[in-house]
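# An overview of the molecular structure
Read off the chains here:
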Amino acid sequence: MKINLPQSYFSKLLRAVVEFDMIQDGDHILLGISGGKDSIFLAYAMKILQQRLHKKFKLSALTINPMFKDENGQPAFFDIDRARKFMQALEIPYDVIDVDIEGAMAETDYKSPCFTCAFFRRGAMNRYANEHGIRKIAYAHHNDDAVETFFMGLLYSGQLHTFTPVTYLDRTDITVIRPLIYFREQEIIDAQAFHGFDPVKNPCPHDGNTSRQTVKELIAKLDQSIPDCYNHLAASMRQGALGQLWPAAQSRKEMRETYYRYMGNHIKQKK
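Residues numbered from 1 in each chain as written. Predicted model: local features only at pLDDT ≥ 70, side-chain atom pairs only at ≥ 80, totals over all residues. Heavy atoms only, no water.

Turning next to the pattern of salt bridges. With the rule as written, the count across this model stands at 13 salt bridges. Across the salt bridge formed by Arg15 and Glu19, the nearest N and O atoms sit 3.3 Å from each other. With Arg15 and Glu19 both in helix α1 (residues 7–19) and four residues apart, this pair spans about one turn of that helix. On the basis of relative accessible area, Arg15 is assigned to the partly exposed category, the value being 45%. (Salt bridge = Lys/Arg side-chain N within 4 Å of Asp/Glu carboxyl O. Helix = DSSP H or I, 4+ residues; strand = E, 2+ residues; numbered from the N terminus. Buried < 20%, exposed > 50% of the residue type's maximum accessible area, 1.4 Å probe, protein only.)

Put into structure tokens, the structure is as follows:
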């Protein structure tokens, strides 16, 4: 399979790898592959890096079959074979394992289905990596994912946070890398012209009906009316971007001494 990327694409890919020092000699990197547009582009891009970087590293790929069911209770169609053939064309060793995420969602219906799905997928990826002596995992999160996660944290939990380009998981001794963090989602959609793979349809019954989709649409709407809205959100994810903020909220115990300085005499007079 002949693979190639325009220089503008390769430059974004290389910037992420170099800026965050993602790949070292001797690495064995496990690619999380769903068959969607993002993970397929990740595999294609990582193969190009393997050919062009002055580093020696191995690639493997893993798909977690979430065992979703359709409206009739039958296994939802998940076109894994096409993804398998694409990995074979890239000469990337590929495996598929079944994880009953559908069942896990039913047992934890008090939590977001996206949270449950991501939690069990990550756990399965980590276990597989450890069982095969792999210390590095690559996911296909792009820049839109990071900005949406950042904005979701603000709107849904009142916290400013997002995922990092490189994350070390000390409990499993695994490092997670995200080489696509400088790509916009539309660029990855357009990249189908380079790799030629028609993305596998997402079998998730909640696809397109999530909090993330709501935030995605909100950002797109805001970006139409507020100049550089998206770019400002992206810039605000960086350390050092914070301006003046209120101090952390104090508990009643922490405020007690100050409270009595204000109210002590008045309280004594009441007694």
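Ranked by internal contacts, the top residues of the largest apolar core, which has 47 residues, are Ile23 and Leu31. Elements with a contribution of two residues or more to this core: α1, β1 (28–32), α2 (37–52), β2 (58–65), α3 (80–90) and β3 (94–98). The element that contributes the greatest number of residues to this core is α2, accounting for nine residues. When sequence neighbours within four positions are dropped, the list of residues in contact with Ile23 reads Val17, Ile29, Met46, Leu49, Leu53, Lys55, Phe57, Lys136 and Ile177. In this structure, Ile101, Cys117, Ile134 and Ile137 belong to the second largest nonpolar core, which totals 17 residues. (Core = buried A, V, L, I, M, F, W, Y, C linked by side-chain atoms within 4.5 Å. Contact = heavy atoms within 4.5 Å.)

This brings us to the sheet that holds strand β5 (residues 166–169). Spatial ordering of the open sheet is given by β3-β2-β1-β4-β6-β5, a layout of six strands whose pairing is mixed. Edge positions in the open sheet fall to β3 and β5, since each of these has one partner strand only. This sheet shows a mean twist of 25 degrees between the axes of neighbouring strands, independent of strand direction. Here β2 runs beside β3; their pairing, made up of five bridges, is parallel. Note that in β3 the partner of Ala61 across the bridge is Tyr94. (Pairing = 2+ DSSP bridges. Axes fitted to C-alpha atoms, helices over the stretch in contact; angles between N-to-C directions.)

This next bit is on the packing of aromatic side chains. Under the definition given, this model contains eight aromatic pairs. Geometrically, the ring pair formed by Tyr9 and Phe183 is tilted, given 5.5 Å between the ring centres and 40 degrees between the ring planes. Here the residue Tyr9 occupies a position in helix α1, and Phe183 occupies one in the loop between β6 (174–177) and α7 (185–190), the gap between them amounting to 174 residues. Considered together, Tyr9 and Phe183 belong to a single accessibility category, that of buried residues. Among the aromatic residues, ring-to-ring pairing joins Tyr9, Phe41, Phe183 and Phe194 into one connected group. One Lys or Arg, Arg15, reaches over the ring of Tyr182 and ends 3.9 Å from the middle of that ring. Here the guanidinium or amino end of Arg52 rests over the ring plane of Phe10, the centre of that ring lying 3.7 Å away. (Phe/Tyr/Trp six-rings, centres within 6.5 Å; stacked < 30°, edge-to-face > 60°. Lys NZ or Arg CZ within 6 Å of the ring centre and 35° of its normal.)

Moving on: a nonpolar patch on the surface. Among the surface-exposed residues, Leu154, Leu155, Tyr156, Leu160, Leu218, Leu242 and Leu245 lie close enough to one another that they form a single nonpolar patch of about 680 Å² accessible area. A per-element tally of the nonpolar patch places helix α6 (residues 143–157) first, with three residues. In this fold, Leu245 is placed in the loop between α10 (229–235) and α11 (252–270). (Patch = residues over 30% accessible without salt bridge, like charges linked within 9 Å, V, L, I, M, F, W, Y side chains within 5 Å. Areas by Shrake-Rupley, 256 points an atom, 1.4 Å probe, with all protein chains shown as cover.)

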